[in-house]
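Summary of structural features
So you can see what is in the structure, the chains are spelled out below.
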Amino acid sequence: MKKYSKLIVAIIIAAIFIGTFVFLWQKSQPKEVHYSVLEAKMDSIQKTTIITGKIEPRNEVSVKPQISGIIAELLKEPGQYVQQGEVIAKVKVIPDMQQLSSAESRVRLATMNLKQAQVDYDREEALHNQKLVSDDEFDKVRQQLRQATEERSAAEEALQVVRDGVSKSNASASSTLIRATISGIILDIPVKVGNSVINSNTFNDGTTIATVANMNDLIFRGNIDETEVGQLIIGMPMKITIGALQDMTFNAALEYISPKATESNGANQFEIKAAVRLENTGNTATLRSGYSANAEIVLASADNVLTVPESAIEFSGDSTFVYILQSSGKDSTYVRTPVTTGLSDGVNIQIKSGLTNNQKVRGPQIITDDNNE
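Residues numbered from 1 in each chain as written. Predicted model: local features only at pLDDT ≥ 70, side-chain atom pairs only at ≥ 80, totals over all residues. Heavy atoms only, no water.

In the predicted model, the protein chain carries a mean pLDDT of 82, and the fraction of residues at 70 or more is 84%. Mean pLDDT per element in the protein chain: helix 1 (residues 2-28) is the minimum at 67, and strand 10 (residues 210-213) is the maximum at 94. (pLDDT = per-residue confidence, 0-100. Helix = DSSP H or I, 4+ residues; strand = E, 2+ residues; numbered from the N terminus.)

This is the structure:
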């Protein structure tokens, strides 16, 4: 029994050894290499670049108060359309106590002068009626009364302006009424009722009451790498795709290329601007300031030229080659042939010489799964 057991173990060990040897021998044998076959054909090629940026209005205006005070009322909301001169908010003035005291003092003095002028006038009028004073003397007193009346009115208006920010005579042009300086959409109102606001002066820029922009005049603003900026020309057409509106594209025209680069992540970038054309694009109300967008620019194009997939090209120094199919079948043969290339779009490349239309060339190697062989 033991003799048979040893024989079986020996057979198993021998089988494992032989099987391993056969497996390693098969693996060491060269495998047959298969290549895909590609065909040269006439096509059009465009070299494009994609620029990331955003959509924004050409003119975005910050509306600021002409006086300091507190927001008393907001008459508009973001997203509403306003005409130039339309009231957006009302400001309640917080008067300066020194100016207020001076204005009140002026009113009291003007009132006293007016009362005295009225007394003098009444006296002179009685004497004039009795022919005891001349017309010239009476006219002087009457003129003094008119001046005193005007001075009191001016003092009262000055007090109203200091105290309320507006007088009765110029209520329609009051600086307490914050008006839109252009017609457009209100993009933002960063203040609330009760907020303090200050006017622009030499020490600060003032408080922004609202931001207004004409959303019918939009631009695309982005940055392009220095390796491609030299191929841009003012007026070049662009196709704008907005990230939030995947089903909408807009045409644009390049109108500005920055003469100075800015460094970004170690690369020199040049700012560009393009005018977005909104005609024939449907409802423009869905466009919002600040939308992220991509701009596609055609840097170069070649129409009706001979092309092959760029994966068929072998690059060797400054030379390029293709492998032209000579015979097909199990043992396909190819001839290495120099070609002259032209424009490439990253997928296909132009062939200027060395190939003819419909010629077949060797493509990338076909990778097969060993388990399926």
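Further remarks concern the sheet that holds strand 9 (residues 196-197). Strand pairing in a sheet takes place through backbone hydrogen bonds and is either antiparallel or parallel in direction. The antiparallel open sheet is built from 4 strands, whose spatial order is 7-6-4-9. The open sheet has two free edges, formed respectively by strand 7 (177-179) and strand 9, since each of these has just one partner strand. Here 5 bridges tie strand 4 (residues 69-74) to strand 6 (residues 87-93), and the two strands are oriented antiparallel to one another. Its bridge partner lying in strand 6, I70 is registered against K92. (Pairing = 2+ DSSP bridges.)

In this section: unusual backbone geometry. Despite not being glycine, N265 shows a phi value in the positive range, around 55°. Here N265 shows up in the loop between strand 14 (262-264) and strand 15 (267-277). Unusually for a residue other than glycine, N304 sits at a positive phi of about 55°. By the element assignment, N304 lies in strand 16 (residues 292-309). The class of N304 is exposed, set by a relative accessible area of 56%. (Buried < 20%, exposed > 50% of the residue type's maximum accessible area, 1.4 Å probe, protein only.)

In this section: the packing of aromatic side chains. Within the structure shown, the criterion is met by 0 aromatic pairs. Over the aromatic face of Y256 sits the side chain of K273, whose NZ or CZ is 5.1 Å from the ring centroid. (Phe/Tyr/Trp six-rings, centres within 6.5 Å; stacked < 30°, edge-to-face > 60°. Lys NZ or Arg CZ within 6 Å of the ring centre and 35° of its normal.)

Bringing a nonpolar patch on the surface into the picture now. A grouping of I8, I12 and I16 is seen on the molecular surface, where their side chains present a nonpolar patch of about 300 Å² in accessible area. Here I12 shows up in helix 1. (Patch = residues over 30% accessible without salt bridge, like charges linked within 9 Å, V, L, I, M, F, W, Y side chains within 5 Å. Areas by Shrake-Rupley, 256 points an atom, 1.4 Å probe, with all protein chains shown as cover. Salt bridge = Lys/Arg side-chain N within 4 Å of Asp/Glu carboxyl O.)

On to the sheet that holds strand 5 (residues 81-82), then. What the 4 strands build is an open sheet, ordered 3-10-8-5; its pairing is antiparallel. Two strands lie at the open edges of the sheet, namely strand 3 (60-63) and strand 5, each paired on one side alone. Note: strand 5 against strand 8 (residues 184-188), 2 bridges, orientation antiparallel. In the strand pairing of strand 8, V82 is matched with G184.

Going through the model one piece at a time under the given rule, you end up with 12 salt bridges. Salt-bridge contacts for E73 lead to K90; the nearest nitrogen and oxygen are separated by 3.9 Å. Pair noted here: E73 is in strand 4 and K90 is in strand 6, with a separation of 17 residues, a long-range link. Note that D139 is salt-bridged to R142, the shortest N-O span being 2.6 Å. Of the two residues, D139 and R142 both sit in helix 3 (residues 135-164), 3 residues apart, roughly one turn of that helix. Under the relative-accessibility criterion, D139 is labelled partly exposed at 36%. Here the salt bridges do not stand alone but share partners, grouping K54, E56, R221 and E271 into one network.

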